[in-house]
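Reading the structure
Each chain, letter by letter, is given below.
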Amino acid sequence: MAYATPMGGLPKQTDDLTGTAIFTEAYALLPAGTMRDIVTSYLPGWDGMRMWMIARPLSGFAETFSQYIVELQPGGGSDDPESNPHAQAVLFVTSGTMALDCPLGRFDLRAGSYVFLPAGSGWRLRNTGDDPATFHWIRKAYQAAANVAAPDCFVTHDDEAPIVEMPETGGKWSTTRFVDPADLRHDFHVNIVNFQPGGVIPFEETHVMEHGLFVLEGTADYLLNRDWVSVGPGDFMWLRAFCPQACRATGTGPFRYLLYKDVNRHAAL
């Protein structure tokens, strides 16, 4: 299965603007065409890497998570990637091959590999292929709960995770679930939402959970607050709490996006 990755590079001087980048009080839309070389940055402790930081906590907007798209050159990686002992993470690989060392041992990762790393995990990551490798790195400070154990590290793959169909949709709307929603050890979920052609979210979802939505494949018209926008592979949507949303899948193939949401904890007072 192929997943969208940033195009990088730089548009020609004769190219038109994307015309679709949006930032409002309720949501942001970062089209794939905005993820170019000039907006990348780097991190201490890594070599042969660059990243697109597509979400970070902002006061009054989305406050619970950060999301990076990391690109590693052959041999690139880190032996000490996480400097925050309170940060837990999900890694989702979109291209290339990498070797991960984590508390469970050593794993060979490929496109579609999914890793959950609890806060305080020691881990290492290195590109083992001859081509660049890319992955999403989603981070959230762990919010402990009384009498609830911290979650465990795990490694799986998009092909191995259960797909749960939404009721009365005939399979046109489903979720690839990497964590059981009833597992209260987890205070955030990163899943893949799937739509078959013609599938819809048939109401304006309005809820406290913040979202990051990265389009892995396919096209759709997506309601963000009061605006219907057309989205496709490599586009990123960033929603603050209570931003209304809905979806109409378009095109002839599946529409899939990687989804972050915070769950299962009291509101901070």
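Right, let's walk through the structure included here. (Residues numbered from 1 in each chain as written. Predicted model: local features only at pLDDT ≥ 70, side-chain atom pairs only at ≥ 80, totals over all residues. Heavy atoms only, no water.)

Now for the pairing of strand β2 (residues 27–30). In regular strands, side chains alternate between the two faces of the sheet. Direction of pairing for strand β1 (residues 22–23) relative to β2: antiparallel, over a ladder of two bridges. Bridge pairing links Ile22 to Leu29 in β2. Two elements, β2 and strand β19 (residues 236–239), share four bridges in a ladder whose sense is antiparallel. Across the sheet, Ala28 pairs through a bridge with Trp238, a residue of β19. (Pairing = 2+ DSSP bridges. Helix = DSSP H or I, 4+ residues; strand = E, 2+ residues; numbered from the N terminus.)

On to the pattern of salt bridges. Within this structure, the stated rule accounts for 12 salt bridges. A single salt-bridge network, built from bridges that share partners, covers Asp37, Arg50 and Glu71. (Salt bridge = Lys/Arg side-chain N within 4 Å of Asp/Glu carboxyl O.)

So, on to the side chain of Gln67. Inspection of the secondary structure puts Gln67 in strand β4 (residues 66–78). Residue Gln67 is classed as buried on the basis of its relative accessible area of 1%. A polar side-chain atom of Gln67 sits 3.1 Å from a polar atom in the side chain of His136. (Buried < 20%, exposed > 50% of the residue type's maximum accessible area, 1.4 Å probe, protein only. Polar contact = N/O pair within 3.5 Å; in protein donor to acceptor, adjacent residues only side chain to side chain.)

Strand pairing in a sheet is mediated by backbone hydrogen bonds. Such pairs are either parallel or antiparallel. Read from one edge of the open sheet, four strands run β15-β20-β17-β18, paired in antiparallel fashion. On the outer flanks of this sheet lie β15 (200–205) and β18 (227–231), each paired with one strand and no other. Looking at each pair of strands side by side, their axes are set apart by 20° on average, direction ignored. Relative to β18, strand β17 (residues 219–224) runs antiparallel, the two being bridged by five bridges. Looking at β18, one finds that Tyr222 is bridged to Val229. (Axes fitted to C-alpha atoms, helices over the stretch in contact; angles between N-to-C directions.)

A word on the side chain of Asp158. Structurally, the position occupied by Asp158 is in the loop between β11 (154–157) and β12 (163–165). Look at Asp158 and you get buried, because its relative accessible area is 6%. Only 2.6 Å separates the side chain of Asp158 from the side chain of Tyr3, close enough to count as a polar contact. Of the polar contacts made by the side chain of Asp158, one reaches the side chain of Arg256; its length is 2.9 Å. Every residue in contact with Asp158, bar those within four places of it in the chain, is listed here: Met1, Tyr3, Phe92, Gly112, Thr176, Phe178, Ile192 and Arg256. (Contact = heavy atoms within 4.5 Å.)

That is the geometry; function is a separate question.
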